[in-house]
Amino acid sequence: MDRLKAMEFFLSVSRNGSFTETARQFAVSATSVSRLITELEQELNVKLLLRSTRQVMLTEAGQEYAHQLEGILWSINHAHNSITAISSSPQGLLRVHSRVMFGVGVLTPLVARFRNLYPDIKIELLLSETHADLRQQQIDIDFRISPPVEAGLKRRILFKSERYLVAAPDYIATMPELITPAQLSNHACLCYQKPGERYICWYLSDNGTEEATLNPRHISNNGIALLELARLGEGIALLDDYTVANDIAQGRLVRLLPEFRLTNSSFEDGIYATIQDTPIIPAKIRAFLDFVAEEVSGKERRFLAYRQLGS
């Protein structure tokens, strides 16, 4: 029995709850996955998984074993990556996670160009609106809009950004008066979904940081959807400056209250490339970080990097 492979299969199944998904990830059959995990259970003389036709669940022993394997397999992969980092020819699978809007609008076209420079690096691009757990999900790079706070991570800031209030000319032609952010409650707002939180816009004034409660007309957890709704004249959206720069320049959207700094999260937002804090950065990670940084870093380049969507 290939014990290391069996451990990898088991840890994967413990994360995704599926023999089929694990088989897809490792390019083997589901039967092979099941057989190797069964052999591992027999060797350990303990039941790790409870199998049924509908789901796979961890036993108490399986939960503890999965917890132990997290650190063990991470150490093995780290040792392997450290050796790979010395290679003069970057290669292998690079798992990249990003927020959806940056991933679609910026990273997707860059991935295509990066492949021409490094054909031996295969990129797996994962998009979601949440932070990735780099170690547990085996993510090499996570592009975040705020700096990481977890221990064991380090960041490389690509650029700082602001949030702009924007609306289409059609909405502006009929909208109520808007002189201060406090008046946003009188407007149809296009709000980003934050589970369990109120719809708030913070802004800087002479009195410090103040808040304005928003009145949502539409709600979404996807910035691309909010951008398209704003273009359609459905209301006012609060979006990152680099994602609306083209629309403002071409007259599809107008920036509102430009004299105020506004946000729905923090005033330190931008794009932060986040990686695990290791003694050696693998060559494939370093190559992709350097490439992306060259394309988007700095105050003005962020406006050039975003690919116009839906126009």
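Values in this document were obtained by computation on a predicted structure and should not be read as measured data.

Student: For a nonpolar patch on the surface, give the residues involved together with the corresponding values.
Tutor: On the surface, L4, I72 and I76 cluster together to form a nonpolar patch covering roughly 230 Å² of accessible area. Considering the arrangement of structural elements, one finds I76 in helix α4 (residues 60-86). Residue classification places I76 among the partly exposed residues on the basis of a relative accessible area of 38%.

Student: Lay out the nonpolar core in plain terms, naming residues and giving numbers.
Tutor: Counting residues in hydrophobic clusters, the biggest one holds 42 residues, and the most contacted among them are I141, F143, F288 and V292. The element contributing the most residues to this core is helix α9 (residues 283-296), with eight residues. Beyond its immediate stretch of four places on either side in the chain, V292 contacts L107, L110, F143, L158 and S297. In terms of nonpolar packing, the next biggest core, distinct from the first, is built from 20 residues, L165, A212, L256 and L257 among them.

Student: Which residues make up the UniProt feature "domain: HTH lysR-type" (unreviewed entry) in the protein chain, and what values go with them?
Tutor: Per the UniProt entry, the sites bearing "domain: HTH lysR-type" (unreviewed entry) are residues 1-59 in this numbering. Taken as a whole, residues 1-59 contains 63% helix and 10% strand, while its terminal C-alpha atoms sit 22 Å from one another.

Student: I'd like to hear about helix α2 (residues 19-26), residue by residue, with values.
Tutor: Taken as a whole, α2 has its buried residues at F19, T22 and A23. The buried residues of α2 all sit within an arc of 100° when viewed along its axis, so they share a single face. Exposed side chains of α2 directed beyond 90 degrees from the buried face belong to T20 and R24. Buried residues belonging to α2 abut α1 (3-16), α3 (30-44), β1 (49-51) and β2 (56-58). Sitting at the amino-terminal end of α2 is S18, which places a side-chain oxygen 3.2 Å from the backbone nitrogen of T20.

Student: Lay out the sheet that holds strand β6 (residues 153-160) in plain terms, naming residues and giving numbers.
Tutor: Two pairing modes exist for strands in a sheet, parallel and antiparallel, and in both the strands are linked by backbone hydrogen bonds. Sheet architecture is open: five strands sit in the order β4-β3-β5-β15-β6, paired in mixed fashion. Looking at the sheet topology across the chains shown, the edges are occupied by β4 (121-127) and β6. With direction set aside, neighbouring strand axes in the sheet form an average angle of 20°. Relative to β6, α9 is tilted by about 20°, and along the sheet it contacts β3 (92-98), β4, β5 (141-144), β6 and β15 (270-276).

Student: Can you lay out the packing of aromatic side chains for me, pointing to particular residues and giving the numbers?
Tutor: Scanning the entire structure with this criterion turns up eleven aromatic pairs. For the pair F102 and F143, a centre-to-centre distance of 5.7 Å together with 40° between the ring planes defines the contact as tilted. A residue pair is termed long-range when its members are at least 10 positions apart, and F102 in helix α5 (residues 100-117) and F143 in strand β5 qualify at 41 residues. Residue classification places F102 among the buried positions, given a relative accessible area of 2%.

Reading the values: rules and limits
- Residues numbered from 1 in each chain as written.
- Predicted model: local features only at pLDDT ≥ 70, side-chain atom pairs only at ≥ 80, totals over all residues.
- Heavy atoms only, no water.
- Patch = residues over 30% accessible without salt bridge, like charges linked within 9 Å, V, L, I, M, F, W, Y side chains within 5 Å.
- Areas by Shrake-Rupley, 256 points an atom, 1.4 Å probe, with all protein chains shown as cover.
- Salt bridge = Lys/Arg side-chain N within 4 Å of Asp/Glu carboxyl O.
- Helix = DSSP H or I, 4+ residues; strand = E, 2+ residues; numbered from the N terminus.
- Buried < 20%, exposed > 50% of the residue type's maximum accessible area, 1.4 Å probe, protein only.
- Core = buried A, V, L, I, M, F, W, Y, C linked by side-chain atoms within 4.5 Å.
- Contact = heavy atoms within 4.5 Å.
- UniProt positions renumbered as here; feature names shortened; annotations may be inferred.
- Arc of directions from axis to C-beta.
- Polar contact = N/O pair within 3.5 Å; in protein donor to acceptor, adjacent residues only side chain to side chain.
- Pairing = 2+ DSSP bridges.
- Axes fitted to C-alpha atoms, helices over the stretch in contact; angles between N-to-C directions.
- Phe/Tyr/Trp six-rings, centres within 6.5 Å; stacked < 30°, edge-to-face > 60°.

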